[in-house]
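The lines below spell out each chain.
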Amino acid sequence: YKISKRPLYRKNELFSAIKNVSVSGENEIAISWSKSQFSEFLNYKVVKYQDDKNTFINEFTVSDTFFSDNNVATSEHSYIYTVVEADRCGFFTNEGREGKSILLTGEYLDGSNLNWSAYENWENGVKEYNVEINEAGTFINVNTTPSDVRNFFEKKYYKEISGKNCYRVYGLSNMGDTSYSNTVCLSGKPIAVLPTGFTPNGDGLNDQFKPITQFIQEGELLNLNSFAFSIFNRWGEKIYETANPAEGWDGSYLRDPCRQGIYLYTLTATG
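Residues numbered from 1 in each chain as written. Predicted model: local features only at pLDDT ≥ 70, side-chain atom pairs only at ≥ 80, totals over all residues. Heavy atoms only, no water.

**Regarding the state of the cysteines**
Simply put, disulfide is the name for a covalent bond between the sulfur atoms of two cysteines.
Move 1: Counting across every chain of the model gives one disulfide.
Move 2: In this model Cys166 forms its disulfide with Cys185; the gap between the sulfur atoms is 2.1 Å. Classification of the bridge connecting Cys166 and Cys185 rests on its S-S torsion, roughly 110 degrees, and on that basis the disulfide is right-handed. You can see Cys166 sitting in strand E13 (residues 165-173) and its partner Cys185 sitting in strand E15 (residues 184-186), a full 19 residues away along the chain.
Move 3: On the basis of relative accessibility, which here comes to 15%, the residue Cys166 falls in the buried class.
Move 4: Judged by its relative accessible area of 38%, Cys185 falls in the partly exposed class. (Disulfide = S-S within 2.5 Å. Helix = DSSP H or I, 4+ residues; strand = E, 2+ residues; numbered from the N terminus. Buried < 20%, exposed > 50% of the residue type's maximum accessible area, 1.4 Å probe, protein only.)

**Side note on the sheet that holds strand E19 (residues 238-242)**
Move 1: Read from one edge of the open sheet, three strands run E19-E18-E22, paired in antiparallel fashion. Both edges of this open sheet fall to E19 and strand E22 (264-269), since each of them pairs with a single strand only. Recorded for the sheet is a direction-independent mean angle of 10 degrees between the axes of neighbouring strands.
Move 2: As paired elements, strand E18 (residues 227-232) and E19 share four bridges and run antiparallel to each other. (Pairing = 2+ DSSP bridges. Axes fitted to C-alpha atoms, helices over the stretch in contact; angles between N-to-C directions.)

**What to know about the packing of aromatic side chains**
Move 1: By the definition in use, this model includes 15 aromatic pairs.
Move 2: It is Lys45 that lies over the ring of Phe92; its NZ or CZ is 4.2 Å from the centre.
Move 3: Of note, Arg168 hangs over the ring of Phe139, and the distance from its end group to the ring centre comes to 3.9 Å. (Phe/Tyr/Trp six-rings, centres within 6.5 Å; stacked < 30°, edge-to-face > 60°. Lys NZ or Arg CZ within 6 Å of the ring centre and 35° of its normal.)

**Some words on the sheet that holds strand E9 (residues 112-116)**
Move 1: The sheet built from three strands is open, its strands ordered E8-E9-E12 with antiparallel pairing. Each edge of the sheet is formed by a strand with only one pairing partner; in this case those strands are strand E8 (104-108) and strand E12 (151-154). Averaged over all pairs of adjacent strands, the angle between their axes in this sheet comes to 15 degrees, without regard to strand direction.
Move 2: With four bridges connecting them, E9 and E12 associate as antiparallel partners. Residue Leu114 lies in a different strand from E12, and its bridge partner there is Phe152.

This is the structure in structure tokens:
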């Protein structure tokens, strides 16, 4: 005698839509999505495409609601990710809403000229894009554009930046989510301009003697191969030396103030 019974199967009708896709480091993208609410849930499958959904790259099995992908070239391509849920019977849901990273490109043409791709696809759309520049190790906002504008041009001197101008863009959703682009560093012809004098009297105005530089490499004090700034007294004695374009002479030698007078300098600066 043989008895069989068809098992009762309940299909997962829910979709795990991508919440955010953001460049999180050099050639690294972070992806996050909402947690499954299905009682028979087993794991997630993240599917990866390059530039558009016609170019399949890979898929990954993930148990958590986030994934970090470090096999990407974020300065060359944008990437699309979708996520599906697997149940304990091995069946998958259909793909939900995907997320596409922002690709930032730029060139220096008498100013910084930036263009970027749109972030896709937040449920409530993109509210705005924000352009940031790295100033002394911290990104600061320099411009905000509406969601339909994805370019920016500026010709501005940043006194805290001596080397390249490094930009990134982040999209802001109407729900407050953010997605960052890759970082693009731009430079033009090297500039190094020196004043004819300074007043090291501690009043906060012109207290240091240093060149105004832009698009200059930082040097190494031992070989002075890219930036070297030295001060000499009238007898040819070196009283100050630096390989950092951001540093300047405070008018002292061996911690004692030097006399007012004429001093010589040498400057080597490489773009």
